[in-house]
Amino acid sequence: SKPENEKWMEWFPNPVDDLLFIKFLKKSGSKSIKIFHVSGQLIFEKRLNEMDFLEIDFSHQSSGLYILEVIIEDKVFIDNIVKH
């Protein structure tokens, strides 16, 4: 069974207009964040270490469905984000 996303991180707002915020709730080592358009195009990629808060600018992205993929140490979290 996969771990509960809410215990490790939260992201808001969803749907997003301009800025997406990701807050990491547990101290952890390396983190990898990727966001894909539903077509498969990678639109954002970042690796973090100690940072526990991330702001992502969605203002230039077109409306539609996006896939958020976050890897925290050996755990993988995948969820949908809707852009208004």
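As a reminder, the structure under discussion sits directly above these lines.
Position numbers for residues count from 1 along each chain, tracking the sequence in the order it is written. With pLDDT at 70 or above as the cut-off, local features in this predicted model cover only qualifying residues; side-chain atom pairs require 80 or more to be listed or tallied, and sums for whole chains, interfaces and linings still use all residues. For the side-chain quantities, the full set of heavy atoms in the structure was used; hydrogens and water were omitted.

Novice: I'd like to hear about the side chain of Ser28, residue by residue, with values.
Specialist: Only DSSP runs of H or I with at least four residues qualify as helices, and only runs of E with at least two residues qualify as strands; both kinds are numbered from the N terminus onward. With respect to the secondary-structure elements, Ser28 resides in the loop between β2 (19-24) and β3 (31-37). Three labels apply to residues, based on accessible area from a 1.4 Å probe with only protein chains included: buried if under 20% of the type maximum, exposed if over 50%, partly exposed otherwise in between. Its relative accessible area of 11% is what places Ser28 among the buried residues. Each polar contact in these results corresponds to two N or O atoms within 3.5 Å; when the atoms are within protein, one needs to be able to donate a hydrogen and the other to accept it, and residues that are neighboring in sequence are counted only if both atoms are side-chain atoms. Among the polar contacts made by the side chain of Ser28, one reaches the side chain of Lys31 at a distance of 3.4 Å. Contacts between residues were defined by any pair of non-hydrogen atoms, one from each residue, lying within 4.5 Å. Sequence-distant contacts of Ser28, defined by excluding residues within four places in its chain, comprise Trp8, Asn49, Glu50, Ile72 and Glu73.

Novice: Would you mind going over the pattern of salt bridges in detail, with residue names and values included?
Specialist: Close approach of charged atoms lets side chains of opposite charge pair. Any Lys or Arg side-chain nitrogen located within 4 Å of an Asp or Glu carboxyl oxygen qualifies as a salt bridge. On inspection of all chains with the given rule, the structure shows three salt bridges. Residue Lys34 is joined to Glu45 by a salt bridge in which the shortest nitrogen-to-oxygen separation is 3.8 Å. With Lys34 in strand β3 and Glu45 in strand β4 (residues 42-48), this residue pair connects regions lying eleven residues apart in the sequence. On the basis of relative accessibility, which here comes to 46%, the residue Glu45 falls in the partly exposed class.

Novice: How would you sum up unusual backbone geometry? Please name residues and give values.
Specialist: Here the bond from Phe12 into Pro13 is cis, since omega is -10°, no more than 30 degrees from zero. Its location among the elements puts Pro13 in the loop between β1 (9-12) and β2.

Novice: Which residues make up the sheet that holds strand β5 (residues 53-57), and what values do they have?
Specialist: Pairing is antiparallel across the open sheet formed by three strands, whose spatial order is β1-β2-β5. The open sheet terminates on both sides in strands that have one partner only, identified here as β1 and β5. Taken pair by pair, the neighbouring strands of this sheet meet at an average axis angle of 15°, ignoring direction. Bridge count for β1 against β2 is four bridges, and the pairing is antiparallel. The residue of β2 that forms the bridge with Met9 is Phe24. Here, strands pair whenever DSSP counts at least two bridges between them. Between N-to-C directions, angles cover 0 to 180 degrees, with each direction set by a line fitted to C-alpha atoms, over the stretch in contact for helices.

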